[in-house]
Structure formats: C-alpha cells, structure tokens
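# Structure assessment
Chain by chain, the residues run as shown.
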Amino acid sequence: MKILMIGDIYGEPGINILESYLSQLKTQYKPHLIIANAENAANGRGITKKIYKSLMSLGIHALTMGNHVWANKELKTFIDEANIARPVNFADAPGKGYVLLNFNGQKILVMNVLGRTFMNANLESPFNAVDNLINKIDHDVSILDIHAEATSEKVALGHYFDGKIDIIYGTHTHVQTNDHRKLPKGTYYMSDLGMTGPLNGVIGVRKDIVIDRFLNGFSSPNIVADGKKQLNGWFIDTELHISKTIHLESE
Ligand code: FE2
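Keep in mind that what you see is a predicted model, and the values were worked out from it rather than measured.

## Overview of the coordination of the iron ion
- The protein atoms donating to the iron ion are Glu 39 (OE), Asn 67 (OD1), His 147 (NE2) and His 172 (ND1), with metal-donor distances spanning 2.1 to 2.2 Å.
- Because the angles between the 4 donor atoms bound to the iron ion fall within 88 to 173°, the donor set is best described as irregular.
- Overall, Asn 67 belongs to the partly exposed group, its relative accessible area being 32%.

Here you go:
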C-alpha cells in the first residue's frame, strides 16, 4: 500500500501550497491513501466545515487534529459525520479518536493522540489510550499521528507500539525531523512530518509577533505569516519498502 502523509496545514498559505502541489504529488507517488493534519488549517487555529470540504475535494481521505482541535467551535457541529480523527485521549469529547477507512476491503485505522509532556498533563496517557483503541477497533492496517511537543515522548510511543502499529509519525512541532526509519519490530516511524504553511514565520506565525513575545513577555495576537510557503510530508510504499520525506517550497 502507498500512503502519503501531509504535515500540519497552517492557514491559507498551507491550503494554497497544497492546492498547488497535491496533484503533482499524486502523479509522482500514486498514493492509495492521503492523510493530513489539519488542526491549524483555519487561520492557525482549528478547522471550519468549508475548509474541511475543500481539503476533501483535493482527494485527502482523512484528517487528524491536535491541541487546537476545538479552537474553531464549528467542528463540533460536523465532526460526527466527517473523516476527522481528534485526539483519542480527550475524555467525553465529540467525535472519535480515529477514522476507519476502507481500501480494497482492508480496514485502515487512522488514529490521533496528544502527548502530555509540555502540553496538557491532565490528559489520559497516550500509551493507554492508543493501546485500548487498537485492541477495541478491528482493523488490518493502522496509522498513528502523535501530536506532541517532546521528541522523547514520540520516540517512546514509537517503540512502545513497534510491531503493533504499521505507521507512526509525529506532528505539532512544525519542523520536519530527519529520523524516518523502520523500528526493530517493523513499524515505520518519523518524529515529525513538518508543517505545510508559511516558510519564514515562526512555526507559522508572523516572526515579529513571536520575537516580540520572547523579548517582552507579551505581544499582539498571532497572525499567519505571509511570503514563501513550504509543504512537508512523508510517503511510504509498504510493498516496495520505500520511505521518502517530502519538502517543497513555493513563492
Ligand atoms: Fe498543535
């Protein structure tokens, strides 16, 4: 199976570069499945129904989310009918922590989980939450998006689920890591896909705003950076054992 994974789509610049390059990526890689993280798609915070529909119309099969999942309240009104996985370790939240796709009669389980380190320590353990999920939902192939800050937590989850989940990757840091590989028991692993959005902001936000915040301890609210854009992702062909990172830039 060929799977294309797209890193965090950040605001209009992320949507625009994806619209420009996705058909080219489809021609080049011929993916059976395309999965993207879209928790920053609506101006850096959450997702709207309009953006959800436009992303699905590009040929994306499932979206995963993260810590900003509820930043746009509209999602609560349509998540139950959408191919959107919100973090599984929220207790009693709308929607589900997974999307179950069908490819040639195979059940593909796409999961999303939040890390706790430097994030929200009150969440259910991502180890337990994902363990429960893979034991509960019948599936043939499994893919996990770990939306987390700490690389150590992602690597630990990768090894903990090595051999139990087919593909594991991280999102949220917005910087692509250089560690994609097969773990000892056969799981494809990568710590962070990187971001699909502005190239010269600070992880998506206009740089002057974030520099001000570091210098002064406060600043004006975040604004999505403009200028050059980047698209980051990962492609895997499980039959030919191909693992290839993707990084594209545009004006
Ligand atoms: Fe995030």
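## Looking at the side chain of Glu 153
- Relative to the helices and strands, Glu 153 resides in helix H5 (residues 151-160).
- Here Glu 153 sits buried without a salt bridge, and the closest side chain of opposite charge, Arg 116, lies 4.9 Å off (N-O distance).
- Discounting residues that sit within four places of it in the chain, Glu 153 has contacts with Gly 115, Arg 116, Thr 117, Pro 126 and Ala 148.

## As for the sheet that holds strand E10 (residues 188-190)
- Strand order across the open sheet formed by 6 strands is E5-E6-E7-E8-E10-E9, with mixed pairing between neighbours. Of all strands in the sheet, those with a lone pairing partner are strand E5 (98-103) and strand E9 (181-182), marking the two edges.
- Bridge count between E9 and E10: 2 bridges; the pairing is antiparallel. Among the inter-strand pairings, Arg 181 is bridged to a residue of E10, identified as Tyr 189.
- Across the sheet, helix H4 (residues 126-136) touches E5, strand E6 (106-114) and strand E7 (141-147), and the angle it forms with E6 is around 165°.

## Thoughts on the side chain of Thr 196
- Of note, Thr 196 is situated in the loop between E10 and strand E11 (197-198).
- A polar contact of 3.0 Å, which involves the side chain of Thr 196, links it to the backbone oxygen of Gly 7.

## Points about the nonpolar core
- Within the largest apolar cluster, 36 residues are counted, with the highest numbers of intra-cluster contacts made by Ile 6, Ile 47, Leu 55, Leu 63, Leu 75 and Ile 84.
- Looking at this core, the elements that each hand over two or more residues are strand E1 (2-6), helix H1 (11-29), strand E2 (33-37), helix H2 (49-57), helix H3 (75-78) and strand E12 (229-237).
- Broken down by element, the residue count for this core peaks at 7 residues, all from H1.
- Residues contacting Ile 84, with those up to four places away along its chain left out, are Ile 47, Tyr 52, Leu 63, Met 65, Leu 75, Phe 78, Ile 79, Lys 96, Tyr 98 and Val 99.
- If you look at the next biggest cluster of nonpolar residues, it comprises 21 residues, including Ile 35, Ala 85, Ile 143 and Trp 234.

## Some remarks on H2
- Within H2, burial applies to Ile 51, Tyr 52 and Leu 55. Down the axis of H2, the sector holding all buried residues measures 105°, keeping them to one side. Opposite the packed face of H2, turned more than 90 degrees from it, sit the exposed residues Lys 50, Lys 53 and Ser 57.
- Looking at the packing, one finds that the buried side of H2 touches H1, strand E3 (62-64), H3 and strand E4 (84-85).
- Just beyond H2, the residue with positive phi is Gly 59, at close to 110°.

## Looking at the packing of H4 against H5
- It is the contact of H4 with H5, at a shortest axis distance of 11 Å, that shows an interaxial angle of 35°. For the crossing formed where H4 meets H5, the hand is right-handed. Residues Pro 126, Phe 127 and Asp 131 of H4 lie in contact with H5, whose contacting residues are Glu 153, Ala 156, Leu 157 and Tyr 160.
- A breakdown of the residues in the contact of H4 with H5 according to their chemical character gives 5 nonpolar, no polar and 2 charged.

## Thoughts on the pattern of salt bridges
- Enumeration according to the criterion identifies 5 salt bridges in this entry.
- Asp 138 is the partner of Lys 107 in a salt bridge, and the nearest nitrogen-oxygen pair spans 3.1 Å. Note that Lys 107 is positioned in strand E6 and Asp 138 in the loop between H4 and E7, a separation of 31 residues in sequence.
- Asp 192 is the partner of Lys 154 in a salt bridge, and the nearest nitrogen-oxygen pair spans 2.7 Å. Of the two residues, Lys 154 is situated in helix H5 and Asp 192 in the loop between E10 and E11; the sequence distance between them amounts to 38 residues.
- Overall, the relative accessible area of 1% leaves Lys 154 in the buried class.

Analysis parameters
- Residues numbered from 1 in each chain as written.
- Predicted model: local features only at pLDDT ≥ 70, side-chain atom pairs only at ≥ 80, totals over all residues.
- Heavy atoms only, no water.
- Donors = N, O, S within 2.8 Å, 3.2 Å for Na, K, Ca; no water.
- Tetrahedral: all angles 85-135°; square planar, octahedral: opposite > 155°, others 65-115°.
- Buried < 20%, exposed > 50% of the residue type's maximum accessible area, 1.4 Å probe, protein only.
- Helix = DSSP H or I, 4+ residues; strand = E, 2+ residues; numbered from the N terminus.
- Lys, Arg positive; Asp, Glu negative; His and termini not counted.
- Salt bridge = Lys/Arg side-chain N within 4 Å of Asp/Glu carboxyl O.
- Contact = heavy atoms within 4.5 Å.
- Pairing = 2+ DSSP bridges.
- Axes fitted to C-alpha atoms, helices over the stretch in contact; angles between N-to-C directions.
- Polar contact = N/O pair within 3.5 Å; in protein donor to acceptor, adjacent residues only side chain to side chain.
- Core = buried A, V, L, I, M, F, W, Y, C linked by side-chain atoms within 4.5 Å.
- Arc of directions from axis to C-beta.
- Left-handed = near helix turned anticlockwise from the far one by under 90°.
- Nonpolar A, V, L, I, M, F, W, Y, C, P; charged D, E, K, R; others polar.

Interpretation in functional terms is not warranted from these geometric data alone.
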